[in-house]
Each structure stands twice: as structure tokens, then as C-alpha cells.
Amino acid sequence: MSAQVKPFLGVERSLTGRAWVSRLTDDRLALAIAQREGLPEIVARVLAARGIAPEDCAAYLAPSLKSLMPDPSSLMDMDKAARRIADAIMRGEKVAVFGDYDVDGATSSALLQRFFRAVGSDLRIYIPDRIREGYGPNAPALMELRDEGIKLIITVDCGTMAHRVLGVAFDAGLEIVVVDHHQAEPALPPALALVNPNRLDDTSGQGTLAAVGVAFLLLVAVNRALRDGGWYASHDEPDLLSLLDLVALGTVCDVVPLVGLNRAFVTQGLRVLGRRRNVGLRALADVARLEGAPGTYHLGFLLGPRVNAGGRVGRSDLGARLLTTEDADEAGIIAQELDLLNKERQTIEARVLEEALAQVDVALGAARRNAPPPFIVAAAKGWHPGVIGIVAARLKERYERPAMVIAFDGKGEGKGSGRSIQGVDLGRAVTAALEAGLLVNGGGHAMAAGITLREDKLDAFAEFIEGRIAEQVLAASESRALRLDGALTAGGANRALYELLEQAGPYGSGNPEPRFAVPSLRVAFADIVGKGHVRCQLQGEDGGRLKAIAFRAAETPLGRALMDRGTGPLHVAGRLKADDWRGKHGVQLTIEDAVPTRDATP
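Only a predicted model underlies this, so the values are computations on that prediction, with no experimental measurement involved.

Helix and strand counts for the protein chain stand at 20 helices and 18 strands. Computed over C-alpha atoms, the radius of gyration of the protein chain comes to 25 Å, within 12% of the 25 Å expected from 2.2 N^0.38 for 602 residues, which places it in the range of a compact globule. For the C-alpha atoms alone, the extent of the protein chain along its principal axes is close to 75 × 55 × 45 Å. Per-residue burial for the protein chain yields a buried fraction of 58% across its 602 residues. The contacts in the protein chain between residues at least 6 apart in sequence include a share of 67% that link residues at least 24 apart. Of the roughly 25,700 Å² that the protein chain leaves accessible, carbon and sulfur atoms contribute 50%. Between the mean site of the 70 positive side-chain charges and the mean site of the 75 negative ones, the protein chain shows a separation of 4 Å.

In C-alpha cells form, the structure reads like this:
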């Protein structure tokens, strides 16, 4: 830790081995915001730490699409794509959307179909099977759509790297519009239009969008083309804002940065979701027992995993079908099926995670577990490809390194899914490995990537990626200090403060949830619940009490300290969450770290 950075509360090494530092580097900015906006200083600190200038706070606290929406035409190929799609609608042509099987793909596909339906047209949705067809467009599926009389196909959340397959489609007379956000190579596949803010010649500045965000901009452009073409003289113009619940769901679940336009999409989309007008989302919220106003947590951890479950361990089209149906009975049946599939996915995931952890621990050896290599890889035959992305995320969390989990089939071909840490661009490294001939297929973005490779290339691939990202991982590791937005008393960590903090949300990737230290707490009660979670009641020096939980911490130094009544007072760090259990209106602290006060330097 740099001698110039003063540790927060004097914590140079916590129970998780980290120093604590203030996220805010200039306290004067927080003071200026507090005075200008009449906000509590702790809320002002949160805003200032996210780079919000005093004069921008009012707009930041009320993000609007009007001020943040770009002209869709600023994206390369957007006008070409919009004109062709609008012409197809006005001519009554058969059109299909080919979507990825994850939440971003399902919401993008549903978004397009709902728009087509609203303007008096129809759209065929095709979602590939994860196991049988794999990621991205494939020639047999495109030929099947052609044989149905479809000439125009829109790919969503895929297609940017599908050079060979789109070449086959081109030769077969198909017109392809690619709508994507994954990283691109200089050479682009043969498509009628390729709308992707991450293509190298795109200057729109919208590279943080999920595919569903790009799809929404496409619909704005198509709507404009239909209006210019006189379509709405005889048809009702759709309410595009009513579709933002789908945009919010896909944006949060694809873990893109919640900044700028994404933040406005999610803020407005949560309001639309709260009205419960999408029949499928309403049914899914009911089976997930979502009560009260929805937030990003509900999208990312309750609704998203269930939409994903069909593509992971069930029928890949279930999510898109749920999001597009207008039949309440059908929605209820699909939602129940997705809920059951999600439970099945959790069981499979637990088994694969256990095996992957054991494999990595053996490979690393006891001496290296505290200093793992730059890239964590786990691979085996027989693992279910539908859960490898989730398991990769768990490995990333455990070892604080980019991680890739690969499931090989009996023919020696593996499907891999990777997750990265802040500051390490895994997608770009995977693209480089593809260009180097180490992969059959691959692509992604900074925080996540997918690959297909032959088993005999595994070691070379792992070595290549490790060499490619080693410096980035080192830089990220050196800055792994726990960043805190401020300090609270136990009594001050209340529901009123939580609701004020929510105004600076929605929180997620790129806009991290506020994290606070609560000094000098004693553990009044603690026990273990669920799968190794430590639940406790904390008491502060001010007499205030605070409910808290440390997830998956029972076998860690943090969990043991919380359970040991002889530890003495602790400085505790974590994030405030709403606690509405059984009608209560309180808060709970999610504990991320702690340190005995005796180990903190005054």
C-alpha cells in the first residue's frame, strides 16, 4: 500500500487480507455537493466518489432518456439496418430474429417481437440450443429459416465474429442484420448491416451498451423510418418506453456498466417493471416471490437466473416465449417451469463448482492459494455447459483472478465460459487467442467471454491468456484494497439513509453499491444459516443494533471472527440492503470484511 494513501480507520490488513481506503480522494467535493443539494454528507460522499460534479448532481439523481439518448444514426450501419427492416415490415415480408440463449439475447429477441407485433407485423424468434448448436448463428438453423420463406434475419447478441456462417448465409441469398455489442476484429463478416458500438470503426461512444440497449436504439431508428414512410397513417405508433422493462432486465443481467445511457435505461425500466404490465414478467415475479418495488438486485438475482434457466438446462426458447406471451395462463405455466429448471440448475452448479474448486486447489497447491496465477482454468469432461459461466464467476470471486471453466465432450471439443475482474479485459485476450489459431471460436467483452476449443489446445490457450493478461492482473491486484464510501454508526445505518442512497442508483457494474465501515461493533449474536452463511446481530457504541449477514463466510477468517465471542470489538465493512422480511421496513448489512479494532492502527 502506498505510503501516500492513508488507511481508512487505520486498517492496513483486514481479515480478508486487504487494506481499507476511502473511495473519495477529495472531501471538499462531497462538502460542496452536500451544501448545493441539501443532502446528508454521507450521500454526497457517494456521489462525489463516483465522479459526479456538484453542478451535475441534479441531473444524475434523475437520469432521463431525453438528455442521454443519442441519435441512433450515430452508430455505424444503423440507418441501413433500420431502412431495410422498415421496408420488410411495410412490404409484409417474413422476418426472423436469431438470438443468443442468455438473458441479453432473450430480452433483445422479445423486444424486437413485441415491437413488430405492435406495428402490425410478425417476427419469428429462433433461439439455438446451447448443447446441440452452441453460441451464435449456425448454418443449419439459417437454412431452416430460409426454407420457411424468410429472407431477412436479425441476429441479436451474436454474429459479430460469425465470419464463416454469415458467408454461407450470404451465398444462400439471405440478408443478415447483426445487432451486437461484443468486441470485433478489424475484418467484419459479410452482413447487410452490422450494428455494434464496439466495432473498431464505430465512433458513437456507446460501447458500454448491452445488446438489448443496441436493439432498443435500432427500434427507435426503425420507428422513425416507418413514420417517414407513412406507415402510421394506417397503423398505431407503438409506445417504445413501455418496452424498457425488457431493456433494464437484459442490461443488468449482462453486467454492463450502469453509467450514462445504461443507467437511464435501468432507472426508467424499473419503473415500467413496477407497473407489472408485461404478462410474462408478472408471472415470473410471482414465482420468484418478488414483492414491493423492483430493483437491480431483483433483476440480477431473482428474475434473470430464471429467464436464463431455460437456456442453461432446459429448452432454450422458454425465456423469450415467456417475455413475449400475452396469455396469462401460458405465462404462469412457463414461469413455473423456469422456476423448476432454475432449481435443477442450482443442483448441477453446486456439483460442478465442488469439482472445479477441488481441481484448482490441487493444481495450485497449498503454497500458491494465497498468490494464485494470473488466470484460473478448470476443465473436465461431463460438466454441464449450461452452468460453466456461473462456476467461472464463483472461481473469480474466490481467487480474485479472471477464471475460465471448460466442459469437454466425448469428441475432445470444449465449450468454455470466462469471467474477469475489474481492470482486466478478458474478451480482448480471447479475441487475440482466436486470431492466433488457438480456438475454434471465441469472443466476448471485457468482463466475460466464451470459447470453443480442442482439448489438445488447452494448455497452449491457458498459457497464451496468462501471458496476455499478467500485467493487467498485477495492476488490478495491487489496487485490490477495499474501497469505502464513509463510516456509519450502527444507529445511523437505517432505512431512511438506505432510501436516500437509492436515489444515487441503480447500482451495478460501473456504479458500485456504496460500501461503508461501521466502527467498534460487538457481535451480540451469531449463527450459521444456509450454505455457510454467518448471520449475526451487531451492537454499536451508540447503542444501535444492526442485522447483518456474511455470505459463504463460515469457513473463512471473517466468518470465524464473527462466530468467536472472544474476538472483541470489530470494525465491520459492508453494504446496506433493504430488510422487508415479514412486512418489516428495515435494513441489513451485508458484511464483506472486518478487522478486530486492536489490529487497526489509530
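Where a strand is regular, its side chains alternate between the two sheet faces. With five of its five residues buried, strand S5 (residues 175–179) lies for the most part within the structure. Side chains Glu 175, Val 177 and Val 179 project from S5 onto one buried face, and the interleaved Ile 176 and Val 178 project onto a second face that is buried too. Alignment of strand S4 (residues 152–156) against S5, held across five bridges, turns out to be parallel. Bridging from a neighbouring strand, Val 156 pairs with Val 179 of S5. The β-α-β motif built from S4, the intervening helix H8 (residues 163–171) and the parallel element S5 has right-handed crossover chirality. As judged from the three bridges shared by S5 and strand S6 (residues 193–195), these two strands associate in the parallel manner.

Okay, the packing of aromatic side chains next. Under the definition given, this model contains five aromatic pairs. Ring geometry for Phe 98 versus Tyr 126: centroids 5.4 Å apart, planes at 20°, classification stacked. Here Phe 98 is found in strand S2 (residues 95–99), whereas its partner Tyr 126 is found in strand S3 (residues 124–126), with 28 residues between them in sequence. On the basis of relative accessible area, Phe 98 is assigned to the buried category, the value being 0%. Plain terms: the ring middles of Tyr 297 and Phe 301 are 5.2 Å apart, the flat faces sit at 25° to each other, and that makes the pair stacked. Linking Tyr 297 with Phe 301, this pair stays in helix H13 (residues 296–313), spanning four residues, or about one helical turn. We classify Tyr 297 as partly exposed; its relative accessible area is 44%.

Once that is clear, we can look at helix H2 (residues 41–49). The α-helix advances 3.6 residues per turn, and as a result positions three or four apart in sequence lie on the same side. Within H2, seven of the nine residues are buried, which leaves the element mostly enclosed by the surrounding structure. Along its buried surface, H2 packs onto strand S1 (20–22), helix H1 (27–37), helix H3 (57–61), strand S13 (486–487), helix H19 (495–502) and strand S14 (516–529). Just beyond H2, the residue with positive phi is Gly 51, at close to 80°.

Moving on, we come to the nonpolar core. Ile 89, Leu 111, Phe 115, Val 222, Leu 226, Leu 303 and Leu 395 are the most contacted members of the largest nonpolar core, which totals 105 residues. It is helix H15 (residues 328–364) that contributes the most residues to this core, 12 residues altogether. If sequence neighbours within four positions are ignored, Leu 303 has contacts with Leu 249, Leu 273, Leu 281, Leu 284, Ala 285, Ala 288, Leu 290 and His 298. Of all hydrophobic cores here, the second largest spans 44 residues; its members include Ala 34, Tyr 60, Leu 501 and Ala 548.

What follows covers unusual backbone geometry. Leaving glycine out, the prevailing phi sign among residues is negative, and the prevailing peptide bond configuration is trans. A cis geometry characterises the amide bond from Gly 505 onward to Pro 506, with omega recorded as 0°. Among the structural elements, Pro 506 can be located in the loop between H19 and S14. Backbone geometry at Arg 289 places phi at a positive 55°, although glycine is not the residue there. In this fold, Arg 289 is placed in the loop between helix H12 (279–287) and H13. A positive phi angle, near 50°, is found at Ser 520, a position not held by glycine.

The next point concerns the sheet that holds S5. Ordered in space as S3-S2-S4-S5-S6, the five strands form an open sheet in which the pairing is parallel. Edge positions in the open sheet fall to S3 and S6, since each of these has one partner strand only. When strand polarity is set aside, the average angle formed by the axes of neighbouring strands in this sheet is 20°. Sheet topology note: the S2/S4 ladder contains five bridges and is parallel. Residue pairing in the sheet places Gly 99 in a bridge with Val 156 of S4. With respect to the sheet, helix H6 (residues 103–118) is in contact with S2, S3 and S4, its orientation differing from that of S4 by roughly 140°.

Helix length check: helix H9 (residues 211–228) (18 residues) gives 26 Å between terminal C-alpha atoms against 26 Å at 1.5 Å per residue, within 8%. Of all the 18 residues making up H9, 14 are buried; the element is thus mostly covered by neighbouring parts of the structure.

Note: S14 against strand S15 (residues 533–539), seven bridges, orientation antiparallel. Residue pairing in the sheet places Val 523 in a bridge with Leu 538 of S15. Taking the residues between adjacent antiparallel strands as the criterion, S14 and S15 are bridged by three residues, where Gly 530 takes a positive phi near 60°. The pairing of S15 with strand S16 (residues 545–550) spans six bridges and is classified as antiparallel. If you follow Val 534 over to S16, its bridge partner there is Ala 550. Turn length for the S15-S16 hairpin, with the two strands adjacent in sequence and antiparallel, is five residues, and the turn residue Gly 543 shows positive phi of about 90°.

Let us now look at the side chain of Ser 520. Locating Ser 520 in the fold gives a position in strand S14. In this structure, Ser 520 is in contact with Gln 539, Gly 540, Glu 541, Pro 569, Leu 570, His 571 and Thr 597, ignoring residues within four places of it in sequence.

Before going further, it helps to spend a moment on the environment of Glu 148. Along the chain, the position of Glu 148 falls in the loop between helix H7 (139–147) and S4. Separated by 54 residues in sequence, Glu 148 and Lys 94 have C-alpha atoms that sit 8.7 Å apart. If near-sequence neighbours (up to four positions away) are discounted, Glu 148 is found in contact with Lys 94 and Arg 124.

The rules behind the values
Residues numbered from 1 in each chain as written. Predicted model: local features only at pLDDT ≥ 70, side-chain atom pairs only at ≥ 80, totals over all residues. Heavy atoms only, no water. Helix = DSSP H or I, 4+ residues; strand = E, 2+ residues; numbered from the N terminus. Rg over C-alpha atoms; globule rule 2.2 N^0.38 Å. Buried < 20%, exposed > 50% of the residue type's maximum accessible area, 1.4 Å probe, protein only. Contact = heavy atoms within 4.5 Å. Areas by Shrake-Rupley, 256 points an atom, 1.4 Å probe, with all protein chains shown as cover. Lys, Arg positive; Asp, Glu negative; His and termini not counted. Charge placed at Lys NZ, Arg CZ, Asp CG, Glu CD. Pairing = 2+ DSSP bridges. Right-handed = clockwise from strand over helix to strand, strands pointing away. Phe/Tyr/Trp six-rings, centres within 6.5 Å; stacked < 30°, edge-to-face > 60°. Core = buried A, V, L, I, M, F, W, Y, C linked by side-chain atoms within 4.5 Å. Axes fitted to C-alpha atoms, helices over the stretch in contact; angles between N-to-C directions. Expected span 1.5 Å × (residues − 1).

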